[in-house]
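The primary structure of each chain is shown beneath.
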Amino acid sequence: MPWLSILMGVSVLGALGVAFIKDDRLAKQATLVVSLVVLALTVAMAVQFSPNGDRFQFAETYDWIPAFGVHYAVAVDGVALVLILLSAVLVPIVVLASWHEAEAGKRSVRTYFALLLVLEAMMIGVFAATDVFLFYVFFEAMLIPMYFMIGSYGGAQRSYAAVKFLLYSLFGGLLMLVAVIALYTVAGKNSFLFTDLLGAIKDPTTQKWLFLGFFIAFAIKAPLWPFHTWLPDAAAQAPAGAAVLLVGVLDKVGTYGMLRFCLELFPEASKWATPVVIALAVIGIVYGAIVAIGQTDIKRLIAYTSISHFGFIAMGVFAMTTNAASGATLYMVNHGFSTGALFLIAGFLIYRRGSQFIDDYGGVQKVAPILAGTFLVAGLSSLSLPGLSPFVSEFLVLTGTFQRYAVPAVIAATGVILAAVYILWMYQRTMNGPTAEAVQGMKDLNHRERWVLIPLIALIIGLGFFPKPMLDVINPAVKETLTNVSVTDPAPAIAKEGQ
Amino acid sequence: MEPAEIISHTGGVIGAGWLLIALPLLGAAVLLLGGRRTDKWGHFLGVALAVASFVVAVLAFVQLLGFAPGERRRGVALYEFIPGVANMGLLIDPLSISFALLITGVGSLIHIYSIGYMSHDTDRRRFFGYLNLFVAAMLLLVLADNYVALFIGWEGVGLASYLLIGFWQYKPSAATAAKKAFVVNRVGDFGLLIAIFIMFSTFGSVAFADVFPKAGGASAGTLTAIGLLLLLGACGKSAQLPLQSWLLDAMEGPTPVSALIHAATMVTAGVYLVVRSGAAFFPADSTASLVVTIVGVATLLAGAIIGTAKDDIKKALAGSTMSQIGYMMLAAGLGVAGYAFAIAHLITHGFFKANLFLGAGSVMHGMNDEVDMRKYGGLRSLMPITFVTFLIGYLAIIGFPLLSGYFTKDGIIETAMEHSAILGWLAVIGAGITGFYMSRLVFMTFFGERRWAADAHPHESPSVMTWPLIVLSIGSIGLGGYLILSNRLMVFLGPAVGQPEELPAFHFFSPVGLATLALVALGAAYAWLKYGRAEVPAVAPRGSFLTTFARRDLYGDALNEALFMRPGQWLTRLAVFFDNRGIDGVVNGLAAGIGGTSGRLRRIQTGYVRSYALSIFIGAAVLAGAWFVVGTL
């Protein structure tokens, strides 16, 4: 079964259908149904994935532009699979959460939901692509629906934020395009297939240049410090649902790209760049957390926490140990759930009060205890409380990094303390204390909003205690990647008793 | 004698040891997810599950006693948690079962007491949900068979503590205290995390059964690093210097919370961590264990001094808790000779301090939640049960002969004295100060003039609150002697923590013991002169420099503020400014520069998708050209 094409096809056809439904309510319901069908199909596909089988499964390869060796080639390994699962889980949740979000937009409600489904197809495509050119096409094309979702349905400064987002991404995309073309030319295989290009570039200098082209594009996308300034604007202006997909999935394409393309296609260059990347990542972890503490806008604060978290992911990727890389991959998934929940609850809160400013709240716990409780759980997951899923990934990243780079891991671990400050201080200022006048009479979460959060929180708790099913899928894929980079895990100093 | 090997175990109550954790966890889940529907019976469910967990602990204890002493360390595997790194499993041995009995036993009594204490609170169900959550996390902490699972419990109790300190979250002071407790604890947790990283990269495992036997092979530097980092974690959780500042603020929580979490159980987790890791990472006469004893002595004095100056009854008791845990820490730093005394004092302290806190709660319950002892006085006749049980707790903590504290504290002092005279005498002085501040507390509350507020109508608490007091006071009387005489606890704990070659003999009225008693009597007499016989002024007198020093918690908060909070605030502001102007400014400037004028930039920005696509390709072509040019040079 061509699973991956079916997933994309259903999304695209669904989008076309939704675009022509005149009735807004019906359009929303149709979108929800389509996204749930995609989720069901994705789960059905994931169940058939055999973690210890071939690296790439459900592969489809067709010629697209034979003259240049461009293929429509899709397949998944364990890493791509969990990221597609993440996307498929988040879309229906976002649809349900965005029920009233597009009403104040510049364009029609149905367009917003059609764009969501288009975006879903592209998110699946970008993770599934095993042709480098196809990956590039999805990488750039993803910008378009997101640009319109921010620019047409966002907050007061949506145009500025959308254009800034687009320009940054285009700049990165350009660099990557150059590198993609150069990679094709230098490799001389007349093919853009990932497997054909593996190990094709031997010359160290060429590797370095090509690495930079890919890496800067991914660093902007992730975003890694100091390429991050577009994210707070985009996330703060985007409607909450779009912010979830932007930070939860789209940005992961950057860190995913580092793991899949930078490391495997340019192993020597990756090792050459490791000290710099780890330094940038560690700076990002601490810097993002400190700037988050100082934010006055809830959504900007969450965006900065993500910059800190992306530092953890990049550090895990470049530490090049099994634990760190598996942790980084799991981090991408868990961060999607955790930050997704934070953005959505913040969205519910802002929808009620009409302000993004922390100072406009206070004492919400007293009037809307369920909203406050879910916000606390999401916040605790963001500060990686053990028992919630982000702890497992952060722990793996730090442990794995420590195995090779002890000092950066220790500095990064201070992020654990800073996270407690930014989350709990925000929680205190919004939810605790005497109830602010403007918050009096605020309604608690309704049924729809609760159903948005129930699956997210269930996943956060479930994967917090039982991460094994995910790690069993991720670990073999990550080991394959590290083998291609020809690194091995450092052995413990004292493996046996009495040494 | 070295600790015994861990034997993997299935079957019986020990095999089902996960029930200990699962039962209260179920309670927490039902009460917190069930919402208002469970308001009517929620507190009963909370109590029932805490008691059920206690029953399981007793049965497991009985099963454990059935094994020969050398076979009493049972490892119970549960499931694969993080493949290749950590599994979920329990270690049920004499040390962990002692904690489990204390946590569920005293925990159940405090649950029962809370039915009465929280009866007027509309959120009583949520309170019981948090209490159940705490018990589950605390049991995971002590029962885990590896450091990662321990860490889950460790931060889990931190969460429960955060939720319960901030239970009356609409009070800004409570919300701030809760956040402070969590953040300060995270500083300690940072240390514990790094210790775990070092263990994993050195030993390739975090399981006790792997790490402890391998520890001997590691370099002295590695072992010291792990020891000191574990101690940092212990200092956070157990409110030891320099991470003590959160505990006094934590008294914002309801009083049963102060009794259970911030006196009897959670704050002793640091002592557990040191004793559990002791044989491997705190060997006798190592740097790490020396630092443990220094921290212990410094905190036992600091806590006692703070206790002398507080007029808030709960804060005086909190200072006392710091101080008593300092004693335990001191003992834990003395190696194998001290472990049993550390744990014995931990257990008896769990009883008499819970007794004292619940007694204080009973007083507050009858006094409209007044906490200022200057507004108490002469309450003994109106609250006879509270008074008598409180008096027993008081006599136990000051080490009155034959009561619990007498045996356990004396054990610590004698062992410390053998180790180092300085440590020993400082511990004796601490005992003298304890005699003073505890007597002051009793005189101000139960004796002297009635200095009540006009609307106070003190009355004895209902029996649901007094019965737990009675049970706890019985423990305060007899438990110490039972554990210490004929070295019962030391022999029982031996297989888990090791035991000295020669068992110590208990001497009634040894010279050191007599000196301690004399100092305690002196302290109590001085308190009588100042607060018993003399009139207690309604407003605290200004006092000397020393009094102010003690009242301000030895300037701990001022120090934190000057060293961390204010620089931190400046750093944050600077970083935000830099981020908005610096990085973003440079990037915006570059973008404008590349695009020519900003007007042209705007025209590009407002175009259609087609022109974006076009610009991608034009830009790409230009860059590709540039690359080839550079490449050929």
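Everything that follows concerns the structure shown earlier in this document.
Attention in this report is confined to the structure presented alongside it. As the structure is a prediction and not an experimental result, all values here were calculated from the model.

Glancing now at the overall build of chain A. When helices and strands are tallied, chain A shows 20 helices and 2 strands. Scaling as 2.2 N^0.38, a compact globule of 499 residues should have a C-alpha radius of gyration of about 23 Å, and chain A matches this with 22 Å. Projected onto its principal axes, the C-alpha coordinates of chain A cover approximately 65 × 65 × 40 Å. Split into buried and exposed, the 499 residues of chain A put 68% on the buried side. The long-range fraction of contacts in chain A, counting pairs at least 24 apart against all pairs at least 6 apart in sequence, stands at 82%. Counting 29 positive and 28 negative side-chain charges, chain A places the averaged centre of each group 5 Å from the other.

When helices and strands are tallied, chain B shows 25 helices and 3 strands. By the compact-globule yardstick of 26 Å for 633 residues, chain B fits well, its C-alpha radius of gyration being 28 Å. Sorting the 633 residues of chain B into buried and exposed places 61% on the buried side. In chain B, 80% of the contacts between residues at least 6 apart in sequence involve partners at least 24 apart. Looking at chain B as shown, the accessible area adds up to about 23100 Å², and 69% of this sits on carbon and sulfur atoms. Separation of charge centres in chain B, based on 40 positive and 34 negative side chains, amounts to 10 Å.

Below, the discussion takes up the packing of aromatic side chains. Per the stated rule, a full pass over the model turns up 57 aromatic pairs over all chains. Pairing A:Phe211 with A:Phe215 gives two aromatic rings, centres 5.4 Å apart and planes at 10°, and the pair type is stacked. Highlighted residues: A:Phe211 and A:Phe215, both in helix α9 (residues 204-221), separated by 4 residues, approximately one helical turn. Neither residue differs from the other here; A:Phe211 and A:Phe215 are each classed as buried. Seen from their ring centres, B:Phe127 and B:Phe167 are 5.3 Å apart, and the 75° between their planes marks the pair as edge-to-face. Here B:Phe127 is found in helix α5 (residues 124-143), whereas its partner B:Phe167 is found in the loop between α6 (147-165) and α7 (172-203), with 40 residues between them in sequence. Accessibility expressed as a relative area gives 1% for B:Phe167, which makes it buried. Ring-pair connections join several aromatic residues into one group, and the members of that group are A:Phe56, A:Phe127, A:Phe135, A:Phe139, A:Phe194, A:Phe214, A:Phe218, A:Tyr256, A:Phe261 and A:Phe266.

Listed by partner, the interface residues are 80 residues for chain A and 65 residues for chain B. Roughly 6300 Å² of surface becomes buried between chain A and chain B when both sides are summed, with 75% attributable to carbon and sulfur atoms. When residues of chain A are sorted by the area they lose upon contact with chain B, A:Phe395, A:Phe402 and A:Ile494 head the list and together hold 10% of the total. In this assembly, chain A and chain B are joined by 1 salt bridge. Where chain A touches chain B, the interface holds 14 residue pairs in polar contact (both at pLDDT 80 or more). Tallied by class, residues from the side of chain A that touches chain B come to 54 nonpolar, 17 polar and 9 charged.

A few words now on the sheet that holds strand β3 (residues 86-92) of chain B. Residue and element names in this part refer to chain B. Pairing is mixed in the open sheet, where 3 strands are placed in the order β1-β2-β3. Whereas interior strands pair on both sides, the edge strands pair on one side only; in this sheet they are β1 (7-8) and β3. Of the pairings in the sheet, the one linking strand β2 (residues 74-82) to β3 comprises 7 bridges and is antiparallel in character. If you follow Ala-77 over to β3, its bridge partner there is Gly-89.

This brings us to the environment of A:Tyr422. Residues and elements named next belong to chain A. Mapped onto the fold, Tyr-422 is located in helix α18 (residues 406-431). Note: C-alpha distance between Tyr-422 and Tyr-304 (118 residues apart in sequence) is 9.9 Å. Not counting residues within four places of it along the chain, the set of residues in contact with Tyr-422 comprises Ala-289, Ala-292, Ile-293, Leu-301, Thr-305, His-309 and Ser-382.

This brings us to the pattern of salt bridges. Residue and element names in this part refer to chain B. Counted by the stated rule, this structure contains 24 salt bridges over all chains. Close ionic contact of Asp-123 with Arg-36 constitutes a salt bridge, the shortest N to O distance being 3.2 Å. Residue Asp-123 is found in the loop between α4 (94-117) and α5, and its partner Arg-36 is found in the loop between α2 (18-34) and α3 (42-65); the two are separated by 87 residues along the sequence. When its relative accessible area of 51% is taken as the criterion, Arg-36 is described as exposed. Between Asp-311 and Arg-374 there is a salt bridge, with its nearest N and O atoms 2.8 Å apart. Of the two residues, Asp-311 is situated in the loop between α13 (287-309) and α14 (313-332) and Arg-374 in the loop between α15 (336-366) and α16 (384-398); the sequence distance between them amounts to 63 residues. No difference in accessibility class separates Asp-311 from Arg-374, as the two residues are buried. Within the structure, one salt-bridge network assembled from shared partners comprises Arg-36, Asp-39, Asp-123, Arg-125 and Arg-126.

With an omega dihedral of -15°, the bond running from A:Ala222 to A:Pro223 counts as a cis peptide bond. Relative to the helices and strands, A:Pro223 resides in the loop between α9 and α10 (230-237). Positioned with a positive phi, B:Asn368 is a non-glycine residue whose angle comes to about 55°. Phi angles above zero are rare outside glycine, and B:Phe509 is one such case at about 55°. Relative to the assigned elements, B:Phe509 resides in the loop between α20 (488-497) and α21 (511-533).

Before going further, it helps to examine the packing of helix α18 (residues 421-446) of chain B against α21(B). All names here are of chain B. Viewed as axis vectors pointing N to C, α18 and α21 meet at an angle of 30°, and their least axial separation amounts to 7 Å. In this view, α18 runs roughly parallel relative to α21, as classed from their interaxial angle. Seen from above, α18 lies across α21 with right-handed handedness. On the side of α18, the interface is formed by Trp-425, Val-428, Ile-429, Ala-431, Gly-432, Gly-435, Phe-436, Ser-439, Arg-440, Phe-443 and Met-444, while α21 contributes Val-512, Ala-515, Thr-516, Leu-519, Val-520, Gly-523, Ala-524, Tyr-526, Ala-527, Trp-528, Tyr-531 and Gly-532.

With that out of the way, let us pick up helix α12 (residues 267-293) of chain A. All names here are of chain A. A rise of 1.5 Å per residue sets the reference length of α12, with its 27 residues, at 39 Å; its end C-alpha atoms lie 37 Å apart and thus fit the reference within 8%. Maximal helix bending in α12 amounts to about 50°, located at Thr-274; proline Pro-275 follows within four positions. Extensive coverage of α12 is indicated by the burial of 19 of its 27 residues.

As a further point, take the environment of B:Leu493. All names here are of chain B. One can find Leu-493 in helix α20. With a relative accessible area of 0%, Leu-493 lands in the buried category. It is 35 Å that separates the C-alpha atoms of Leu-493 and Ile-385, two residues lying 108 residues apart in sequence. Those residues within four positions of Leu-493 in sequence are excluded, and the remaining contacts are Pro-94, Leu-95, Ser-98, Ala-340, Ile-343 and Gly-498.

Core analysis: the largest hydrophobic core is formed by 429 residues, its most contacted members being A:Phe214 and B:Phe281. Apart from residues no more than four positions distant in its own chain, A:Phe214 is found in contact with A:Val132, A:Met176, A:Ala179, A:Val180, A:Leu183, A:Phe261, A:Cys262 and A:Phe266.

Turning to the pairing of β2(B), a few remarks are in order. Walk down a regular strand and you will see the side chains alternate between the two sheet faces. All names here are of chain B. Taken together, the 2 bridges between β1 and β2 define a ladder with parallel strand orientation. Paired with Ser-8 across the bridge in β2 is Gly-75. Hairpin connection of β2 to β3: 3 residues between the antiparallel strands, including Gly-84 at a positive phi of 85°.

What counts and how
- Residues numbered from 1 in each chain as written.
- Chains lettered and ligands numbered in written order.
- Predicted model: local features only at pLDDT ≥ 70, side-chain atom pairs only at ≥ 80, totals over all residues.
- Heavy atoms only, no water.
- Helix = DSSP H or I, 4+ residues; strand = E, 2+ residues; numbered from the N terminus.
- Rg over C-alpha atoms; globule rule 2.2 N^0.38 Å.
- Buried < 20%, exposed > 50% of the residue type's maximum accessible area, 1.4 Å probe, protein only.
- Contact = heavy atoms within 4.5 Å.
- Lys, Arg positive; Asp, Glu negative; His and termini not counted.
- Charge placed at Lys NZ, Arg CZ, Asp CG, Glu CD.
- Areas by Shrake-Rupley, 256 points an atom, 1.4 Å probe, with all protein chains shown as cover.
- Phe/Tyr/Trp six-rings, centres within 6.5 Å; stacked < 30°, edge-to-face > 60°.
- Buried area = accessible area lost by both parts, 1.4 Å probe.
- Salt bridge = Lys/Arg side-chain N within 4 Å of Asp/Glu carboxyl O.
- Polar contact = N/O pair within 3.5 Å; in protein donor to acceptor, adjacent residues only side chain to side chain.
- Nonpolar A, V, L, I, M, F, W, Y, C, P; charged D, E, K, R; others polar.
- Pairing = 2+ DSSP bridges.
- Axes fitted to C-alpha atoms, helices over the stretch in contact; angles between N-to-C directions.
- Parallel < 35°, antiparallel > 145°, perpendicular 65-115°, else oblique.
- Left-handed = near helix turned anticlockwise from the far one by under 90°.
- Expected span 1.5 Å × (residues − 1).
- Bend = angle between axes of the 7 residues up to and from the residue.
- Core = buried A, V, L, I, M, F, W, Y, C linked by side-chain atoms within 4.5 Å.

Purely spatial values, then, with no claim about function.
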